[in-house]
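Chain by chain, the residues:
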Amino acid sequence: IDMWWGTLGTVRPFSNFHPNRDVMEIHNALDRKGTLVNILTNRNNAQRQLSVSFQDLIASLKKALSGDLEDLLLDLMMLPEHFDAQRLQDAMAGLGTDEEGLMEILSTRSREQLQHINNAFQQRFKKDLEKELRGETSGDFAKLVVALLKVSGLLLLLSFHRRNP
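Quick look at the structure, then. (Residues numbered from 1 in each chain as written. Predicted model: local features only at pLDDT ≥ 70, side-chain atom pairs only at ≥ 80, totals over all residues. Heavy atoms only, no water.)

## Section: the nonpolar core
Then step 1. Grouped together as the largest cluster of nonpolar side chains are 19 residues, with contacts concentrated most on L88, M92, L102, L106, L129 and L133.
Then step 2. Counting residues per element, this core draws most heavily on helix α8 (residues 111-125), which supplies five residues.
Then step 3. Leaving out residues up to four positions away in the same chain, L88 has contacts with L102, I105, L106, I117 and L129.
Then step 4. V23, L65, L73 and L76 belong to the second-largest nonpolar core, a separate cluster that totals 14 residues. (Core = buried A, V, L, I, M, F, W, Y, C linked by side-chain atoms within 4.5 Å. Buried < 20%, exposed > 50% of the residue type's maximum accessible area, 1.4 Å probe, protein only. Helix = DSSP H or I, 4+ residues; strand = E, 2+ residues; numbered from the N terminus. Contact = heavy atoms within 4.5 Å.)

Below you can see the structure in the form of structure tokens.
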């Protein structure tokens, strides 16, 4: 899995990684939240995805956790494109639209990443992302977010800044 712009943080691949051992340790750590957090936050997304392949792990996490900790750890277990699709849905849900949330994702992802996000959004929510963006935004901002979705956000913003210093 490639590095995503929004994931260039400090979590790097764990050097002594063994998915089977991690899954066993996670199951054993469900009572000890600190150990659980330590395991999941010290693996990169690709390594966490190998652990997710063990079907009962997510169900066990949901059963043992609650609140913000549950949300955080389950979010860590998602593929980046699924996480971004969820964030876009959250930004458009309810009254008002979180325009900054939309812009953060749409302007910092590559064309390929945006295509994966678009596919994940369609798969998960059974909705067309472009139609949802048009319905939740208006005017020039609607034109911008749709353009960002269709073209790599970084390229569009760079060309805009070059023309408008």
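## Concerning the packing of aromatic side chains
Then step 1. Taken as a whole and judged by the stated rule, the model has one aromatic pair.
Then step 2. Pairing F121 with F125 gives two aromatic rings, centres 5.0 Å apart and planes at 50 degrees, and the pair type is tilted. Residue F121 and its partner F125 are located together in helix α8, separated by four residues, close to a single helical turn. Taken individually, F121 and F125 each receive the classification buried, so the pair is uniform in this respect.
Then step 3. For R43, the ring lying beneath its charged end belongs to F14, and the centroid distance is 3.7 Å. (Phe/Tyr/Trp six-rings, centres within 6.5 Å; stacked < 30°, edge-to-face > 60°. Lys NZ or Arg CZ within 6 Å of the ring centre and 35° of its normal.)

## Section: helix α2 (residues 33-41)
Since the α-helix turns once every 3.6 residues, residues separated by three or four places project in the same direction.
Then step 1. Along α2, the residues that are buried comprise L36, I39 and L40. Along α2, the residues classed as buried sweep out an arc of 90 degrees about the axis, all on the same side. (Arc of directions from axis to C-beta.)

## Quick look at helix α5 (residues 67-76)
Then step 1. Of the positions making up α5, those classed as buried are E70, L73, L74 and L76. Each buried residue of α5 lies within a common arc of 155 degrees when the element is viewed along its axis, so the set occupies one face.

## A word on the packing of helix α1 (residues 19-29) against α2
Two packed helices can be described by the angle between their axes and the distance between those axes.
Then step 1. With their axes 8 Å apart at the nearest point, α1 and α2 run at an angle of 155 degrees to one another. On the basis of their axis angle, the class for α1 and α2 is roughly antiparallel. Viewed along their axes, α1 and α2 form a crossing whose handedness is left-handed. Contacts between α1 and α2 pair D22, E25, I26 and A29 from the former with K33, T35, L36, I39 and L40 from the latter.
Then step 2. Looking at side-chain class alone, the contact of α1 with α2 contains five nonpolar, one polar and three charged residues. (Axes fitted to C-alpha atoms, helices over the stretch in contact; angles between N-to-C directions. Parallel < 35°, antiparallel > 145°, perpendicular 65-115°, else oblique. Left-handed = near helix turned anticlockwise from the far one by under 90°. Nonpolar A, V, L, I, M, F, W, Y, C, P; charged D, E, K, R; others polar.)

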